[in-house]
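Descriptive structure summary
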Number of protein chains: 2
Amino acid sequence: MLYIIGLGLADEKDVSVKGLEIIRRAERVYLEAYTAVLLVDQQQLETYYGRPVILADREMVESHSDDILAGAHEQDIALLVVGDPFSATTHTDLALRCRQHEPSIPTRTLPNASILTAVGATGLSLYNFGQTVSMVFFTDDWKPSSFYDRVADNATLGLHTLVLLDIKVKEPDLKAMARGKIIYEPPRFMTVAQCAQQMLEVEEERQQGICGKEALAVGVARLGSEDELIVAGTLEELAQVDMGRPLHSLVLCGKKMHEMEWEYVRGFAVDQKKFDRVWKETNKA
Amino acid sequence: MLYIIGLGLADEKDVSVKGLEIIRRAERVYLEAYTAVLLVDQQQLETYYGRPVILADREMVESHSDDILAGAHEQDIALLVVGDPFSATTHTDLALRCRQHEPSIPTRTLPNASILTAVGATGLSLYNFGQTVSMVFFTDDWKPSSFYDRVADNATLGLHTLVLLDIKVKEPDLKAMARGKIIYEPPRFMTVAQCAQQMLEVEEERQQGICGKEALAVGVARLGSEDELIVAGTLEELAQVDMGRPLHSLVLCGKKMHEMEWEYVRGFAVDQKKFDRVWKETNKA
């Protein structure tokens, strides 16, 4: 059996009791380590779980899944995934391969907390969110702005948008590669400020009033951990905010923000008076 | 400190290790038991946690929260919530009351699995969902159809809609009440078939082609448990399906269903040939 086990968001103790029991008895334990990261390192997991943990990078999961699945007909194999297993399509893909295997490999998924729902900690109602979008690191010549159309779709309906921020782990250093060496760049995690900045940049270009300077947003960092941080403000304000260590996410608020949501969110505002003023103006419009 | 602890979806072992530690040391432990239910009973929780668990009904949480919060300045109080704490707005409301308390009561939330993400087990990508809607039990003279407009909003964008199904626990028997007695009706949980039937009924009335007989949908039951069940088909097919014990939910598929999603979902189809045909026709349109 392949068990795909969600680890939750913060540390080694966010796994479910059931998940921990499986990890402790599984033949091999893999950790998917490229779509998200926990706030603790591999060694801390190994110590707590009492098991060696094999790091599975994108290449291993996507191209060498046979290694992971070896023996899964008779033995229990555990693949640990930060957050909830289904929040990344890779894992559906893996489950599909198990199903199509000859003979097919039974799989079981243990769900856990995901940023998609933990973002409710902002006070914004999960029922008022539209589709989720991703934001990648812009480069000088690559600034993909397809997120803008989806945010605009949500905005038309007055809905909030959760923006998931790019992480780069184990990216090959292209210059070194050209010299025939494989060196990996240090990991990078997009910050709330960088995301807000990129949104302002695209708004500047598209000019549809979707994510301008006065658009209300909420930045979150390290949700679910003891030092989680939530900061609300305009995109212009958030573009200046330092939210500390990863992981960060951002919510662009919809115009339908209900009074009860506002009452909660304003407690996190950089500048409460401004937040209240903009909310009132937006709600009137 | 008030700890609001998500229990996850299925049984007593879906709580996180961290959550279990808090439950075992908290002064008092409450279980919110009206927005969702676990698949195990209170006694099983008490036995496993080794603690008495006080059932908190809607009235207690919404009108007598002072009882729950008594002593929370000095002691740790745990409020257990099925699924993820933020998937019901009641808990934001409670956290807000803690913040406004004099002196304010510190709160901490432990996220967990929610139906909002566990529904990824269907193979449908969580990034292709629009806003979530709720479906209440229709009566002879009360058939609220506001869900239809929101489903239509999602459908316009080609997005899937998660439909959360009504549960009725501790509803007073109105006839007995008229006789001056307080008797509660037995709990009721809406099934996938009932939901599909109600959607067809509203489509009959509204005629916008949003949830007609040939609309593709996926029913899920007891997600996250060992006997979870997923069944895909047209709404007409799902209106006839028996998915067994609660809890059930339904996803109405959007027209943008990607080939990779289709490939996974069709494995759950009542009638795979029909499912493929309808998907192909819908995708062409």
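Look up: the structure comes first, before these words.
Read on for a plain summary of the structure. Values in this document were obtained by computation on a predicted structure and should not be read as measured data.

Some details on the interface of chain A and chain B
Tallying the contact residues gives 53 residues for chain A and 53 residues for chain B. Here chain A packs against chain B, burying approximately 4,600 Å² in sum over the two surfaces, 60% of which is carbon and sulfur. In terms of surface lost to chain B, no three residues of chain A exceed Val17, Tyr127 and Tyr264 of chain A, which account for 15% of the buried area on that side. Here chain A and chain B share eight salt bridges between them. Salt-bridge contacts for Arg108 of chain B lead to Glu226 of chain A; the nearest nitrogen and oxygen are separated by 3.9 Å. Mapped by element, the contributors of at least two residues to the side of chain A that touches chain B are helix H1 (17-25), helix H5 (89-100), helix H6 (115-118) and helix H11 (259-265) of chain A. Per-element tally for the side of chain A that touches chain B: the top contributor is H5 of chain A, with seven residues. Within the side of chain A that touches chain B, the residues separate by chemical class into 23 nonpolar, 17 polar and 13 charged.

Regarding the pairing of strand E2 (residues 28-32) of chain A
Residues and elements named next belong to chain A. By the criterion of burial, E2 is predominantly enclosed, with four of the five residues buried. Pairing of E2 with strand E4 (residues 77-81), which is carried by five bridges, proceeds in the parallel orientation. Opposite Tyr30, over in E4, you have Leu79 as the bridge partner. Two strands pair when backbone bridges link them, and E2 and strand E3 (residues 54-56) are joined in this way by three bridges, in the parallel orientation. Along E3, the bridge assignment pairs Tyr30 with Ile54. For the crossover that starts at E2, traverses helix H2 (residues 42-49) and ends in the parallel E3, the hand is right-handed.

A word on the relation of the copies chain A and chain B
Placing chain A over chain B gives an RMSD of 0.0 Å and needs a rotation angle of 180°, together with 0.0 Å of translation along the axis. Such values leave the two copies arranged in the relation of a two-fold axis. When you check the interface residues of chain A against chain B, 100% turn up at the interface there too, and the contact is symmetric in its surfaces.

So, how was this worked out
- Residues numbered from 1 in each chain as written.
- Chains lettered and ligands numbered in written order.
- Predicted model: local features only at pLDDT ≥ 70, side-chain atom pairs only at ≥ 80, totals over all residues.
- Heavy atoms only, no water.
- Contact = heavy atoms within 4.5 Å.
- Buried area = accessible area lost by both parts, 1.4 Å probe.
- Salt bridge = Lys/Arg side-chain N within 4 Å of Asp/Glu carboxyl O.
- Helix = DSSP H or I, 4+ residues; strand = E, 2+ residues; numbered from the N terminus.
- Nonpolar A, V, L, I, M, F, W, Y, C, P; charged D, E, K, R; others polar.
- Buried < 20%, exposed > 50% of the residue type's maximum accessible area, 1.4 Å probe, protein only.
- Pairing = 2+ DSSP bridges.
- Right-handed = clockwise from strand over helix to strand, strands pointing away.
- Least-squares fit on C-alpha atoms with pLDDT ≥ 70 in both.

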